[in-house]
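Chain and residue survey
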Amino acid sequence: MEQPGPRPVIAIVGAGIAGLAAAFFLRDGPADVIVLDGAPRPGGKLAVAEVAGCPVDVGAEALLTRRPEGTSLIEAAGLGGELVPAGTTAARIWSRGTMRPLPARQFMGVPADAAELAQTGLLTAAGLARARQEADLPGTDRDGDVPVASYVAARFGQEVVDRLVDPLLGGVYAGRSEELSFEATLPALAGASRQHRTLTAAAAALLPPPGNGAAAGPPRRPVFSTLTGGLGGLPRALAAASGAQLRTGTMVRELVPAARGWRLTIGSAHAPQWLDADAVILALPARPASRLLAGVPGATAASAALAEISYASMAIVTLAYPRAAFPQLPETSGYLVPAVDGHPVKAVTFSSVKWPQLQQRAEDLIFVRCSVGRIGEEQVLQRDDAELTALAAADLAAATGVRGGPAASLVTRWGGALPQYTVGHLDRVARIQASLASLPGLAGCGAVYAGVGIPACIGTARNAVDQILAGWPAQGVAAGRQDQRGE
C-alpha cells in the first residue's frame, strides 16, 4: 500500500497577533504551518513585563469588544474564561493645564451634541461659537480622500480638531490629523457623512441614543476587555493552540517563486538556510514586507505601495506609585493630551483603575501608563530611560497632583510601531491586495491594512487565510518541503 507523502507547508512570516491568528485559523487545515519571526519572542506589540513584581502590559493593553474578532478568537483558543472587562472607560482631556471631561456624545472627537460640548469647557468662547455654526453650514463635498483635520476644521473650526479630534487620533495612531486619511482612519464616519448634511448628525447616527436606555434592552457589552494576566500572554497561548511550528530569532531575508510554491531564505547572511513552502502569508510591517516582495515577479505594485507607508515610533513609560502618592484615587481610566499644548506625554492610563485585577494584585500600588511620542517627535524618544521616566512623571504630577516619585518604573520602546494611514491609504491598500491576489499562494495581513487594533489585525488574518485556502486546489500542492542548509 502506497504511503502518503509529506504534508505541504504554509509559511507565515511574522509572529505578531496577525501572524499567530493566521496560524490558529490554519490549525485544522491541509498543511503544516511554520511561523517565522526575527525577534527573540512572539507577539509583536503585545508584551507583558514585571513592574514592582507585578505583570503588566507594556504593549497593546486593551481589546475593543465591539468588534467580535478578538473575543471570538480568545474564546476559540480556550481563554474565554480569562476575559475581564475594563472597570471604567470614562476619560478626560488635559487641555490648557486643566482636566476636562471628554464629551460622551462624540465619535473619535467629532461632537454630536453642541450643548454637551459647551459644558466641558474644552473650547474657548470663540471656538465654541465656530463649532456651533456647523449645524447651519451646507454639506461639504469631498473629491476623493482628504485629511481629517481639513475636513473637520471646515465643519467645526480648528479648535475642535486641536482639542478633541487630534488627541483621540494621536492616541490610536501616534499620528497627526492634518496628515491622516479621513476615509481610512474614520471609515464609519466617512460613510455616515455621505448620508447627512451635517457632520454632527453623521456622528450622532453612529452613537447610541442619548439617555440611559436601560429599559430598552439588555446592558451593552463593555467597550474594552483584557485577559487576567494581560494581553501580552495571548501570543504564546495562540501559538500553542495553533499547533504550528514557531521559529523565533529567524529572519526571513528573501522570498522568490519556486517550482511549486515559494522559497524563503532564512538565517544569517553568512550561513543561509532555505525553506520551501507551498504558500506564504506575510504578517509583517510595511517596509520589511516591501523588501521581501521587491524580488517577486508580479509584486512590484505591492512592494512600491508598501514602501510608501510610514510608521510612528513611541514609548510606554510604566510607573508604579505608592497608594499614598495620590491625594485621591482617579475616577477615570485616564486622559489625553492635545499636541498643541506641547507636552511629551500624549496619553495616560490609570491602569489600576481601568483594570481592577491590577489593584487586587498590588493593593498598595497605583500603576500608571504614560504614552510618549507622536510622529515627528522622534527626538524625544532619543532620551535615555531615566530622562523619559522623569518627563513622564513630571507631566503626570502637573496634571494630577501626584506626590513624590514612582516606586518603580519601566520604559518600553516601540520603534516604528504604528503605521500611518495618511491620505490615499485605501488606494495603496487596494494596490497591495490586487497585486498579491494575482500571485497564487501569497497573501498579506497585519496592522498596515484595515486597522491597527487587535480585532482589526485578526480580521486581516482571517482574510489572508481565506485567500490562501480559496486558491489551494489550484496551486498543485507540492508533496512537502524540507529545510535545506546552504553549502
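Our subject is the structure listed above.
Residues numbered from 1 in each chain as written. Predicted model: local features only at pLDDT ≥ 70, side-chain atom pairs only at ≥ 80, totals over all residues. Heavy atoms only, no water.

Simply put, disulfide is the name for a covalent bond between the sulfur atoms of two cysteines. Per the counting criterion, the structure on display carries 0 disulfides. Free of any disulfide, Cys457 has its nearest neighbouring cysteine sulfur in Cys445, separated by 8.4 Å. On the basis of relative accessible area, Cys457 is assigned to the buried category, the value being 5%. (Disulfide = S-S within 2.5 Å. Buried < 20%, exposed > 50% of the residue type's maximum accessible area, 1.4 Å probe, protein only.)

What follows deals with the nonpolar core. Residues Ile12, Phe25, Val35, Leu234, Leu238 and Ile281 are the most contacted members of the largest nonpolar core, which totals 41 residues. Every element with two or more residues in this core is listed here: strand S1 (9–13), helix H1 (17–25), strand S2 (32–36), helix H2 (68–76), helix H10 (234–242), strand S16 (279–282) and helix H19 (454–470). Among the elements that take part in this core, H1 stands out by supplying 8 residues, more than any other. (Core = buried A, V, L, I, M, F, W, Y, C linked by side-chain atoms within 4.5 Å. Helix = DSSP H or I, 4+ residues; strand = E, 2+ residues; numbered from the N terminus.)

Ordered by their spatial adjacency, 7 strands build an open sheet running S8-S7-S18-S19-S20-S17-S21, and the pairing between neighbours is mixed. Both outer strands of the open sheet, strand S8 (98–101) and strand S21 (408–419), are each paired with one neighbouring strand and no more. Ignoring which end each strand starts from, the neighbouring axes of this sheet average 25° apart. Where strand S18 (residues 334–336) lies against strand S19 (residues 345–350), 3 bridges are found, and the strand directions are antiparallel. Counted as the bridge partner of Gly334 is Thr349 from S19. Each of strand S7 (91–95), S8, strand S17 (311–322), S18, S19, strand S20 (365–372) and S21 touches helix H16 (residues 385–400); the most contacted strand, S17, lies at about 65° to it. (Pairing = 2+ DSSP bridges. Axes fitted to C-alpha atoms, helices over the stretch in contact; angles between N-to-C directions. Contact = heavy atoms within 4.5 Å.)

What follows deals with the sheet that holds S1. Here we have 5 strands laid out as an open sheet, ordered S12-S2-S1-S16-S22, and parallel in their pairing. Both outer strands of the open sheet, strand S12 (245–247) and strand S22 (442–444), are each paired with one neighbouring strand and no more. Across the sheet, the axes of successive neighbouring strands diverge by a mean angle of 15°, strand direction being ignored.

Okay, the packing of aromatic side chains next. One pass over the full model with this rule turns up 7 aromatic pairs. Between the aromatic rings of Trp94 and Tyr335, the centroid separation amounts to 6.2 Å while the plane-to-plane angle is 75°, which identifies the pairing as edge-to-face. Note that Trp94 is positioned in strand S7 and Tyr335 in strand S18, a separation of 241 residues in sequence. Ring centres 5.8 Å apart and planes at 80° place the aromatic pair Tyr321 and Phe326 in the edge-to-face group. For the pair Tyr321 and Phe326, a shared accessibility class is recorded, and that class is buried. By the ring-pair criterion, three or more aromatic residues cluster together here, those being Trp94, Tyr321, Phe326, Tyr335 and Phe350. The aromatic ring of Tyr151 is capped on one face by Arg142, whose charged end is 4.9 Å from the ring centroid. (Phe/Tyr/Trp six-rings, centres within 6.5 Å; stacked < 30°, edge-to-face > 60°. Lys NZ or Arg CZ within 6 Å of the ring centre and 35° of its normal.)

This part covers the layout of surface pockets. Quantified by volume, the second largest pocket comes out at close to 260 Å³. Together, 14 residues line the second largest pocket, and Arg92, Gln328, Pro330, Glu331 and Phe350 are the ones closest to its centre. Elements that contribute at least two residues to the lining of the second largest pocket include exactly S18 and H16. (1 Å grid on protein atoms, 1.4 Å probe; cavity = no way out; pocket = protein on both sides within 12 Å on 5 of 7 lines; lining within 4 Å. Points joined across faces, edges and corners; volume = space filled by probe spheres on them.)

With 13 residues, helix H17 (residues 425–437) extends 18 Å from end C-alpha to end C-alpha; this agrees with the ideal 18 Å at 1.5 Å per step. Restricting attention to buried positions, one finds in H17 the residues His425, Arg428, Val429, Ile432, Ser435 and Leu436. For H17, the angular spread of buried residues about the axis comes to 130°, placing them on one side. Residues of H17 that are exposed and point more than 90 degrees away from the buried face comprise Asp427, Ala434 and Ala437. (Expected span 1.5 Å × (residues − 1). Arc of directions from axis to C-beta.)

Structurally, Ala118 is set in helix H3 (residues 114–120). In this structure, the C-alpha to C-alpha distance between Ala118 and Gly14, residues 104 residues apart in sequence, is 47 Å. For Ala118, the residues in contact, after removing those within four places along its chain, are Leu128 and Arg132.

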